[in-house]
Amino acid sequence: YHGRNIVRETYGSNYWADSNIRSWLNSSAEAGAVEWQCGNPPSADNIRYGCNAYDDEAGFLSNFTASEIKAMRSVSQKTLVSSAEYDIGMYDTGLKRHDYNISINSVVQNYDTAFAEYVTDKMFLLDVKQVNAVYNNGDILGEDYYIGTPTAECVENSEYDDDQLAEGKKYDYWLRTAFTNYNENVRYVYSGGGVIFGYAYTDAIGVRPAFYLDLSSSVKSGTGTAEDPYSIEMRTVIQLRKTLST
């Protein structure tokens, strides 16, 4: 479908703005009614090994109440793009492609001058700068907090069988950042702590959704810590750590 780069037809696309995972995370549609902006729904035929297809699932936002959705801010965020986009002027800012570095300490190198566009979302995946910020808050959040761990529900529901996929065990998860050297690869946080890349159609990498909470009007109680989480109209806003395969 992605005419800007033929390789994407085989290995998937690293363009966040019309990605299936973005379409799903920001949809409250009923099962089977999510609008897949890229034109290729995440069916078994379009996912490596056919595991964990979600084209017939209800949109992710359907899991939240109206009050909870109202508490999620819609934010316009910088999102890096690869050559299929910046070569034809599809970017809002930037002077050069983002340089690749596996180290969590160095993933933001030349981020401020890299080709990118601004995309508005309620629910999103972190990018390299945001995950670097999480890492740098390790003294508060915990040294390994930036590395994902699946829940028991995730492990039970996954069709993908992997010895590494176990409750509480570190597991890979996607970022929304493109690996800008190629147009079919996306950056992800490796269970070992590095920030590497893989084909966008891969099903053996988890999803760790994020959103910005509207603190000004939605929080009824709580301070936002693990011991005293925010509460909205008697429903606790918990950490979203359910890892889902893309």
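Throughout what follows, the structure given in this document is the object of discussion. For clarity, every value in this text was computed on a predicted model and none was experimentally measured.

### Digging into a nonpolar patch on the surface
1) Next: On the surface, Tyr100, Ile102 and Phe197 cluster together into a nonpolar patch covering about 240 Å² of accessible area.
2) Next: Assessed through its relative accessible area of 45%, isoleucine 102 is described here as partly exposed.

### Let's talk about unusual backbone geometry
1) Next: The phi angle at tyrosine 49 is positive, at roughly 65°, despite the residue not being glycine.
2) Next: With respect to the secondary-structure elements, tyrosine 49 resides in the loop between helix H2 (20-25) and helix H3 (66-70).
3) Next: In this structure tyrosine 49 comes out as exposed when scored by relative accessible area, which is 61%.
4) Next: Unusually for a residue other than glycine, asparagine 110 sits at a positive phi of about 50°.
5) Next: Positionally, asparagine 110 belongs in the loop between helix H4 (83-86) and strand E2 (116-121).

### Quick look at the side chain of serine 23
1) Next: Assignment of secondary structure puts serine 23 in helix H2.
2) Next: Owing to a relative accessible area of 5%, serine 23 belongs among the buried residues under this scheme.
3) Next: Of the polar contacts made by the side chain of serine 23, one reaches the backbone nitrogen of glutamine 37; its length is 3.4 Å.
4) Next: The contact partners of serine 23, leaving out residues within four places of it in the chain, are Val34, Glu35, Trp36 and Gln37.

### Quick notes on the environment of methionine 90
1) Next: Position of methionine 90 relative to the elements: it lies in the loop between H4 and E2.
2) Next: It is 7.6 Å that separates the C-alpha atoms of methionine 90 and glutamate 117, two residues lying 27 residues apart in sequence.
3) Next: If we skip the residues at most four places from it in the chain, methionine 90 touches Arg4, Tyr15, Val81, Glu85 and Glu117.

### Considering the sheet that holds strand E3 (residues 173-178)
1) Next: Across the sheet, which stays open at both edges, the 3 strands sit in the order E3-E4-E5 with antiparallel pairing between neighbours. Taken across any chain shown, the strands that pair with only one partner, and hence form the sheet edges, are E3 and strand E5 (195-199). Direction aside, neighbouring strands of the sheet carry axes that sit 45° apart on average.
2) Next: In terms of strand pairing, E3 meets strand E4 (residues 185-189) through 3 bridges, oriented antiparallel. Bridging from a neighbouring strand, tyrosine 173 pairs with valine 189 of E4.

### Re the pattern of salt bridges
1) Next: Here the structure, examined in full by the defined rule, presents 7 salt bridges.
2) Next: One salt bridge in this structure joins aspartate 99 and lysine 96, with 3.4 Å as the shortest N-O distance.
3) Next: For lysine 96, a relative accessible area of 38% corresponds to the partly exposed category.
4) Next: Between aspartate 127 and arginine 176 there is a salt bridge, with the nearest N and O atoms lying 3.7 Å from each other. Placement of the pair is aspartate 127 in the loop between E2 and helix H5 (128-136) and arginine 176 in strand E3, with a sequence separation of 49 residues.
5) Next: Overall, the relative accessible area of 2% leaves aspartate 127 in the buried class.
6) Next: The structure contains a network of salt bridges with shared partners spanning Arg4, Arg8 and Glu85.

### Points about the nonpolar core
1) Next: Formed by 45 residues in total, the largest nonpolar core has its most connected members in Ile21, Trp24, Leu25, Val131 and Leu175.
2) Next: If we skip the residues at most four places from it in the chain, leucine 25 touches Trp16, Phe60, Leu61, Met123, Phe124, Leu125 and Pro209.

### Focus: the environment of tryptophan 24
1) Next: By the secondary structure assignment, tryptophan 24 is in helix H2.
2) Next: Counting along the chain gives 54 residues from tryptophan 24 to lysine 78, while the straight-line C-alpha distance between them is 20 Å.

### Quick notes on the pairing of E4
1) Next: Burial analysis of E4 places 5 of its 5 residues in the buried class, which makes it a mostly covered element.
2) Next: Covered by surrounding structure in E4 are Asn185, Arg187 and Val189 together with Val186 and Tyr188, the residues of both alternating faces.
3) Next: Where E3 hands over to E4, the hairpin turn is made up of 6 residues, counted between the paired strands.
4) Next: Looking at chain direction, E4 and E5 are connected through 5 bridges and run antiparallel. Residue pairing across strands places arginine 187 opposite phenylalanine 197, the latter belonging to E5.
5) Next: Counted along the chain from E4 to the antiparallel partner E5, the turn is 5 residues long, and its residue glycine 193 has a positive phi close to 110°.

Conventions we followed
- Residues numbered from 1 in each chain as written.
- Predicted model: local features only at pLDDT ≥ 70, side-chain atom pairs only at ≥ 80, totals over all residues.
- Heavy atoms only, no water.
- Patch = residues over 30% accessible without salt bridge, like charges linked within 9 Å, V, L, I, M, F, W, Y side chains within 5 Å.
- Areas by Shrake-Rupley, 256 points an atom, 1.4 Å probe, with all protein chains shown as cover.
- Salt bridge = Lys/Arg side-chain N within 4 Å of Asp/Glu carboxyl O.
- Buried < 20%, exposed > 50% of the residue type's maximum accessible area, 1.4 Å probe, protein only.
- Helix = DSSP H or I, 4+ residues; strand = E, 2+ residues; numbered from the N terminus.
- Polar contact = N/O pair within 3.5 Å; in protein donor to acceptor, adjacent residues only side chain to side chain.
- Contact = heavy atoms within 4.5 Å.
- Pairing = 2+ DSSP bridges.
- Axes fitted to C-alpha atoms, helices over the stretch in contact; angles between N-to-C directions.
- Core = buried A, V, L, I, M, F, W, Y, C linked by side-chain atoms within 4.5 Å.

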